Amino acid sequence: MKQYPLPKNRWTAAAFGLFLFAILLLARDTLITSIVVGFYKSQFLMLALMGLLGLVFVLYNRRNLRQIVTDRRLGLILGFALLLIAVMVLKRDWQMMYFSILLCLIFPVFLTFFTDTGRVAKYYVVTLTLLSVYALICTYVLRKLGYAGIVPRPSTRTNDAGMVFFDYGLCFAVDHMFWHRNFGIFREPGVYQFFLLLGLYLNHYHVQWEKERSRWIFSILLAVTMLSTYSIGGFAELGLFAVFVYLDKKYYRTKAGRWVGIGCVAAGLAVAAAVLIESQKPDFVLSPLYELYDMFLRLTTPSDSSVDRTSALMTDLRMFLDHPLLGAKIAPVLHGTNHNTSSTLILFAIAGIAGGVLHLISWIALLWKKERNVLGNLVLLLIFLMSFNTQNLVADVFFWLFPVMALTERGLPLFRKKEA
């Protein structure tokens, strides 16, 4: 596909990096959006920033406007618009959420006019890693020093669930001395884990680094942050993804790779042993290792979280089967169960077969590699299905950003080949 690039200099690169950084901060699922800026203000700010970028793009490429307006990508945007507007109108379901999802579909296609998945992925990985390092420092160093009276405690903010956070600007740490879960800038650790897994994947499969050690530095920092969320899904996804990368890239064939594999298994066994030993102590509940023990309990015994997620799956599946063509209305789907968290089935339930399939195909476009065997591709897709089906992310721009960019880059050229 032809691109119409913006000026190639360090100032443009820095400006675009700051733009993506701002979009990440203002994303639908951050605490900055919900408890600092406010939901509606943040969404209008995001829309304004996207509009500003669009204006800059049009002005710089004004001589190419005829080619741009006849580009196939505008046809793809029109197709997305017709799909969601048709679903909304035919159901008479007048909800702004359809337009929120449409914006999430349009923005990635627009980016492909002047950049590509690999470049945007690099900005994303660097930004997320810097935020993650800062979150680790705030949550496990500054917060502890504040409780000890060594450094001043920052002001606090309270979310809708009544949880109180220390506001470190680009990190929010829970105001509870014995709470060890890392929220970063996100509304829940379960949301954070999706962003981290996405960063890990992009780092290994889409970002081009001048030195391979850069890839591993970013991977280690993102993996440590993933562990600090104490998310059951995050732990499972990280373990499965690590094994997947280890086998997919055949690191086991090298001596260093074999030692790393042995070291990781040994570390896992050592942590499990430490949890068992620590669990015999009367003050175990105050230990950071208790979070791991609690994860095991929640995984092996019924909990509010597991009940809610099972109920969400069943509710969304029932709604879809009752309305397979257009889906059900949004409000009954989202409020049909306590905490509807199944992103994939929510899309099938509110947008019918076409909306759900569009979602799946876009993720397949990002994750699927033809040189990899089918089983490996399916395993990777399953890992990601786990990551975004523990939270409702369907209207978050980063849920669609890289999959739709990949769908545009890989899908549209196929039509040219068929016509040729």
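These figures come from a predicted structure and were not determined experimentally. (Residues numbered from 1 in each chain as written. Predicted model: local features only at pLDDT ≥ 70, side-chain atom pairs only at ≥ 80, totals over all residues. Heavy atoms only, no water.)

Draft legend 1. Representation of the overall build of the protein in the model. Within the protein, the secondary structure is distributed over 17 helices and 3 strands. Against the globule reference of 22 Å for 420 residues, the protein gives a C-alpha radius of gyration of 22 Å, in line with a compact fold. Dimensions of the protein along its principal axes, counting C-alpha atoms only, are 70 × 50 × 45 Å. For the protein, the proportion of its 420 residues judged to be buried stands at 46%. Across the protein, every contact between residues at least 6 apart in sequence was considered, and the portion connecting residues at least 24 apart equals 73%. Summed over all atoms, the accessible surface of the protein reaches about 20,900 Å², with 69% contributed by carbon and sulfur. (Helix = DSSP H or I, 4+ residues; strand = E, 2+ residues; numbered from the N terminus. Rg over C-alpha atoms; globule rule 2.2 N^0.38 Å. Buried < 20%, exposed > 50% of the residue type's maximum accessible area, 1.4 Å probe, protein only. Contact = heavy atoms within 4.5 Å. Areas by Shrake-Rupley, 256 points an atom, 1.4 Å probe, with all protein chains shown as cover.)

Draft legend 2. Representation of helix α11 (residues 255-278) in the model. Its 24 residues place the ends of α11 34 Å apart at the C-alpha level, agreeing with the 34 Å of an ideal helix rising 1.5 Å per residue. When we look at burial in α11, the residues that qualify are G257, G261, V275 and E278. The inward-facing, buried residues of α11 contact α10 (232-248) and α12 (289-300). (Expected span 1.5 Å × (residues − 1).)

Draft legend 3. Here's a closer look at the packing of helix α5 (residues 72-91) against helix α6 (residues 97-111). It is at 10 Å that the axes of α5 and α6 come closest, and there the two elements cross at 170°. As summarised for this structure, α5 and α6 are arranged roughly antiparallel, according to the angle between their axes. Contacts from R73, L76, I77, F80, A81, L84, V87, M88 and K91 of α5 reach α6 at Y98, F99, I101, L102, L105, I106 and V109. Of the residues assigned to the contact of α5 with α6, the class counts are 14 nonpolar, no polar and 2 charged. (Axes fitted to C-alpha atoms, helices over the stretch in contact; angles between N-to-C directions. Parallel < 35°, antiparallel > 145°, perpendicular 65-115°, else oblique. Nonpolar A, V, L, I, M, F, W, Y, C, P; charged D, E, K, R; others polar.)

Draft legend 4. Up close: the pattern of salt bridges. In total, this model carries 7 salt bridges according to the counting rule given. Across the pair R73 and D71 runs a salt bridge, and its minimum N-O distance is 2.8 Å. Since its relative accessible area comes to 0%, R73 is described here as buried. A salt bridge links R187 to E188; the shortest N-O distance between them is 3.8 Å. Taking the relative accessible area as the measure of exposure, E188 reaches 33% and is therefore partly exposed. (Salt bridge = Lys/Arg side-chain N within 4 Å of Asp/Glu carboxyl O.)

Draft legend 5. Structural view of the nonpolar core. L111 and W363 are the most contacted members of the largest nonpolar core, which totals 107 residues. Top element by residues in this core is helix α8 (residues 189-205). It accounts for 11 residues. Those residues in contact with W363 that lie beyond four places of it in its chain are F194, L198, L381, F384, F388, F399 and P403. (Core = buried A, V, L, I, M, F, W, Y, C linked by side-chain atoms within 4.5 Å.)

Draft legend 6. Region of the structure containing unusual backbone geometry. At Y230, a position not held by glycine, the phi torsion is positive, near 50°. Within the secondary structure layout, Y230 lies in the loop between α9 (212-228) and α10. Classification of Y230 as buried rests on a relative accessible area of 11%. The residue K250 is not glycine, and still its phi comes out positive at about 55°. Along the chain, K250 falls in the loop between α10 and α11. Looking at K250, the relative accessible area reads 36%, which means it is partly exposed.

Draft legend 7. Layout of the pairing of strand β2 (residues 164-167). Across 3 bridges, the pairing between strand β1 (residues 156-158) and β2 is antiparallel. Directly across from T156, in β2, lies its bridge partner F166. Linking β1 back to β2 in an antiparallel pair, the connection comprises 5 residues, with G162 at a positive phi of about 90°. For β2 and strand β3 (residues 172-174), the ladder comprises 3 bridges, and the chain directions are antiparallel. Across the sheet, the residue bridging to D167 is F172, located in β3. If you look at the hairpin formed by β2 and β3, you'll find 4 residues sitting between the two strands, and G169 has a positive phi there, around 85°. (Pairing = 2+ DSSP bridges.)

Draft legend 8. Seen up close, the sheet that holds β3. As summarised here, the arrangement of the 3 strands in space is β1-β2-β3, forming an open sheet in which the pairing is antiparallel. Unpaired on one side and paired on the other, β1 and β3 mark the two borders of the sheet. Across the sheet, the mean angle separating the axes of adjacent strands is 40° when strand polarity is ignored.

Draft legend 9. Expanded view of the packing of aromatic side chains. Inspection of every chain in the model, using the stated rule, returns 35 aromatic pairs. Judged by centre distance (5.5 Å) and plane angle (65°), the rings of F110 and F114 are edge-to-face. Exposure remark for F110: the relative accessible area of 14% places this residue in the buried category. Pairing F186 with Y192 gives two aromatic rings, centres 4.9 Å apart and planes at 35°, and the pair type is tilted. Stacked on the ring of F113, the Lys or Arg R73 has its end atom at 4.2 Å from the ring centre. Taking NZ or CZ as reference, R372 lies 5.4 Å from the ring centre of Y205, over its face. (Phe/Tyr/Trp six-rings, centres within 6.5 Å; stacked < 30°, edge-to-face > 60°. Lys NZ or Arg CZ within 6 Å of the ring centre and 35° of its normal.)

Draft legend 10. Layout of the side chain of N61. Mapped onto the secondary structure, N61 falls in the loop between α3 (39-60) and α4 (65-69). Excluding residues within four positions of it along the chain, N61 makes contact with Y4, P5, L6 and I68.

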